[in-house]
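# Descriptive structure summary
Each chain, written out:
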Amino acid sequence: MIRPSITEKNKIEKLSRLPQGGSCKAGVLIEKNAGWRNKCPVYNPDKCTGCYQCYMYCPDGVISKEGKGISIDYDFCKGCGICEKICKLQAIVMEGET
Ligand code: SF4
Ligand code: SF4
């Protein structure tokens, strides 16, 4: 039998300390968190080419593909502004919450 070296043993022990799964099921958001937001992404479909970069990068997974564009679930968008930064065409612009 090949025994793991000290380094390999440490790796295994460290790995075992990591969470054994996601803290919540992917794609299932249960608590509305829009109250955190002080800026809101406003989407302009006329400028959107449907590249879906915003969909890929939204850390909360609240941007969905919709037809040739996207839609944003404002109940769960926390207003981080990443979608605005990633959209090269300014089809998403952050505006202050009213
Ligand atoms: S990144 Fe901009 S252009 Fe691309 S899908 Fe999103 S809103 Fe549309
Ligand atoms: S502001 Fe942040 S959380 Fe909201 S849609 Fe854009 S990337 Fe997602």
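Residues numbered from 1 in each chain as written. Chains lettered and ligands numbered in written order. Predicted model: local features only at pLDDT ≥ 70, side-chain atom pairs only at ≥ 80, totals over all residues. Heavy atoms only, no water.

### Some details on the confidence of the model for the protein chain
Per-chain confidence: the protein chain averages 82 in pLDDT, with 69% of residues scoring 70 or above. For the protein chain, helix α1 (residues 6-17) is the element with the lowest average pLDDT, namely 60, and helix α3 (residues 82-86) is the one with the highest, namely 97. (pLDDT = per-residue confidence, 0-100. Helix = DSSP H or I, 4+ residues; strand = E, 2+ residues; numbered from the N terminus.)

### Some points on the environment of N44
Here N44 is to be found in the loop between β1 (39-43) and α2 (53-57). Relative accessible area serves as the criterion here: at 28%, N44 is assigned to the partly exposed category. It is 6.3 Å that separates the C-alpha atoms of N44 and I92, two residues lying 48 residues apart in sequence. Side-chain polar atoms of N44 contact the backbone nitrogen of D46, separated by 2.9 Å. (Buried < 20%, exposed > 50% of the residue type's maximum accessible area, 1.4 Å probe, protein only. Polar contact = N/O pair within 3.5 Å; in protein donor to acceptor, adjacent residues only side chain to side chain.)

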